[in-house]
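Listed below are the residues making up each chain.
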Amino acid sequence: MGASLAKPDAVVVDIDGDGSFMMNLQELATIRAENLPVKIMLLNNQYLGMSVQWEDILFKRHRAHTYLGNPMKESEIFPDMVKFAEACDIPAARVTKKEKVRSAIKDMLDTPGPYLLDVAISHQEYVLPVIPSGGTFMDVITEW
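Residues numbered from 1 in each chain as written. Predicted model: local features only at pLDDT ≥ 70, side-chain atom pairs only at ≥ 80, totals over all residues. Heavy atoms only, no water.

## A look at the environment of P129
Counting through the fold element by element, P129 comes out in the segment after β4 (115–120). It is 6.5 Å that separates the C-alpha atoms of P129 and V140, two residues lying eleven residues apart in sequence. Contact partners of P129, with chain neighbours within four places excluded, come to V140, I141 and T142. (Helix = DSSP H or I, 4+ residues; strand = E, 2+ residues; numbered from the N terminus. Contact = heavy atoms within 4.5 Å.)

Pasting the structure below:
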């Protein structure tokens, strides 16, 4: 939001994960209330992604409450971020197929005003490179 206010003529795209986005969900209402043309590309893996990554690397894939979906309906994306956006009068769409991402991004960028694009991804898509906890740049992990 700050980038949009500082550069009102620039296209501002927030690329975010579902876990961190849910910690700041109320910003959708602020974006609408302030009529900011912020585009949100949500990489939705149904997990606290960075925490899962550490669980996989450091704890042999032992999970500790990092799943954000509904365990009773694992085949459904939960919560429905598109509905949150729509509740704030912000256009939104979900894409679940890799071959549809490019056209969905184009639609997002072509839509005037704010927009939320919910992109379903696997929780096994890791963020690389990454510096291990307590490590330095010399300890960077580039693959596993």
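From this point, the narrative continues.
## Observations concerning the sheet that holds β4
Read across the sheet, four strands follow the order β1-β2-β4-β3 without closing on themselves; strand pairing throughout is parallel. A single partner strand is all that each edge strand has here, and the edge strands are β1 (13–17) and β3 (92–95). This sheet shows a mean twist of 15° between the axes of neighbouring strands, independent of strand direction. Note: strand β2 (residues 39–44) against β4, six bridges, orientation parallel. The partner of L42 across the bridge, within β4, is D118. Each of β1, β2, β3 and β4 touches helix α6 (residues 101–110); the most contacted strand, β4, lies at about 170° to it. (Pairing = 2+ DSSP bridges. Axes fitted to C-alpha atoms, helices over the stretch in contact; angles between N-to-C directions.)

## What to know about the pattern of salt bridges
In the structure shown here, the tally under the stated rule is three salt bridges. A salt bridge links D118 to R94; the nearest nitrogen and oxygen atoms lie 3.2 Å apart. Of this pair, D118 sits in strand β4 while R94 sits in strand β3, and the two are 24 residues apart along the sequence. Owing to a relative accessible area of 0%, D118 belongs among the buried residues under this scheme. (Salt bridge = Lys/Arg side-chain N within 4 Å of Asp/Glu carboxyl O. Buried < 20%, exposed > 50% of the residue type's maximum accessible area, 1.4 Å probe, protein only.)

## Some words on unusual backbone geometry
With a phi angle near 50°, N35 is a residue other than glycine that sits in the positive phi range. Along the chain, the position of N35 falls in the loop between α3 (27–33) and β2. Despite not being glycine, D89 has its phi angle at roughly 60°, a positive value. If you trace the backbone, D89 turns up in the loop between α5 (81–87) and β3. Residue classification places D89 among the exposed residues on the basis of a relative accessible area of 55%.

## So, the pairing of β4
Along β4, five of the six residues are buried, which leaves the element largely enclosed by surrounding structure. Relative to β4, β3 runs parallel, the two sharing four bridges. Residue pairing in the sheet places A93 in a bridge with L117 of β4.

Interpretation note: all reported values are geometric properties and have no functional meaning in isolation.
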